[in-house]
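Structural overview for review
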Amino acid sequence: MLHDAIVVGAGPAGSTAARLLAKAGWKIALIEKAEFPRRKVCGEFISASTLPLLDGAIGEEFQHRAGPEVRRVGLYAGAAMLSSPMPRSANGAAWGRALRRERLDVILRDAAVAVGAKLIQPAKLIHLLRNADGYIGTLKAGNGTAEIAARIVIAASGSWEKSVFPVADEAHRASDLFAFKAHFMESDLAADLMPLLVFPGGYGGMVATDGGRTTLSCCIRRDWLERARERYPGSAADAVLAHICASAEGVKRALARSTRDGAFLSSGPIRPGIRQRYSDRVFFTGNLAGEAHPIIAEGISMAIQGANLLAHELTRGGADFSDEALEDTGRRYAAAWKGQFATRIRAAALFAEFAARPRVSAIGVPVVRSFPNILTWGAWLSGKVNGIGA
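What counts and what doesn't
Per-chain numbering applies: the sequence of each chain, read as written, is numbered from 1 onward. With the structure being a predicted model, the display of local features is reserved for residues of pLDDT at least 70 and the display and counting of side-chain atom pairs for 80 or more, all residues being used for whole-chain, interface and lining totals. Computation of side-chain values covers all heavy atoms of the structure but excludes hydrogens and water. Strands here mean DSSP runs of E at least two residues long; helices mean DSSP runs of H or I at least four residues long; both are numbered from the N terminus. Throughout this description, buried means an accessible area under 20% of the type-specific maximum (1.4 Å probe, protein chains only), exposed means over 50%, and partly exposed covers the range between. Note on contacts: a residue pair is in contact if any heavy atoms of the two residues lie within 4.5 Å.

**Some words on unusual backbone geometry**
In this structure, P37 follows F36 across a cis peptide bond, with omega equal to -5 degrees. Along the polypeptide, P37 turns up in the loop between β2 (28–31) and β3 (45–46). Even without glycine at this site, E186 takes up a positive phi of about 60 degrees. With respect to the element layout, E186 can be found in the loop between β11 (177–185) and β12 (193–199). Here D280, not a glycine, exhibits a phi torsion of approximately 50 degrees, which is positive. Structurally, the position occupied by D280 is in the loop between β17 (278–279) and β18 (282–284). Residue D280 is classed as partly exposed on the basis of its relative accessible area of 36%.

What follows is the structure, encoded as structure tokens:
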């Protein structure tokens, strides 16, 4: 069977693209190498600007399962514990919320299957061969392999996972970022507050998610990770948490009475930036197309928004799979993606530079203390709302 598209990766970007294209009548194969539900290293916040894209049953289930509305943004840096109102969105969705990836990924995947996408899970794409019709992919599932054919490929498998879509070289850099994430029960973080965590060599965030849990996710530079491990005993994750608590009083207080729910997760290196979005019948979405520094907590939102953008461009002129038409679609998609996300990515890089350098953040914290609405402005600039409502 010749599919219209193979979608590689059933995370937020892949499942969203698969759902929208299948709903438009395309023959879609959705390939995912991992079993669900799965834990994943990433923040769990979905911004107000994204909620309208979770239409129908998806939006209803998200609202039913997600954590409390996030109505304030904050800053925990040194002894400072600051907050400011989250801007209201002009599109009708007032505030964003968080939901664990264990639940979100299942909701989005099942929504794609419900409208006709063919799910192949667990299976890993290990090879792609270009032919006259598009591509023949080789899948590894269990002890065997199988072939699958499609006119185009949508790559949504993540930027730091090894796959047939290489992203970056393997060279080690002091500036490489490593991500860590854990859930905590019975924390003292205010349910409506999402603070930015600033500490030497890195940054992070906390948010109340579903089931009474608080998520702490962070990124730390390779060189500062090594320093933390020299100073604090135990695992790398334990050293990072100790480093954060020693550097941000707000985190120390919020987690003082809490217990960790499950092990820390880690991944990396993460190298934010804008990447390739189209090449020879392969469309890239999610983090493979480009990613912002996680400091702005927009990873999932950008994945869902980018997949919506891709599906729109692929279906706007009908199902024309000629090389010329696809090249034109690829150019439109690349330009539209950059137009929607480039400012967000640049703002995230600026915020990350501010956060990770101790001297810069030492100057910036008094400014934020004097003008806390800077936090509200930053939330708007990072894409958490579309416009600002009353």
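**What about the side chain of T50?**
Examined against the element boundaries, T50 turns out to sit in the loop between β3 and α2 (56–65). With relative accessibility at 0%, the residue T50 sits in the buried group. Once you skip the residues sitting within four places of it in the chain, T50 turns out to touch S301, I304 and Q305.

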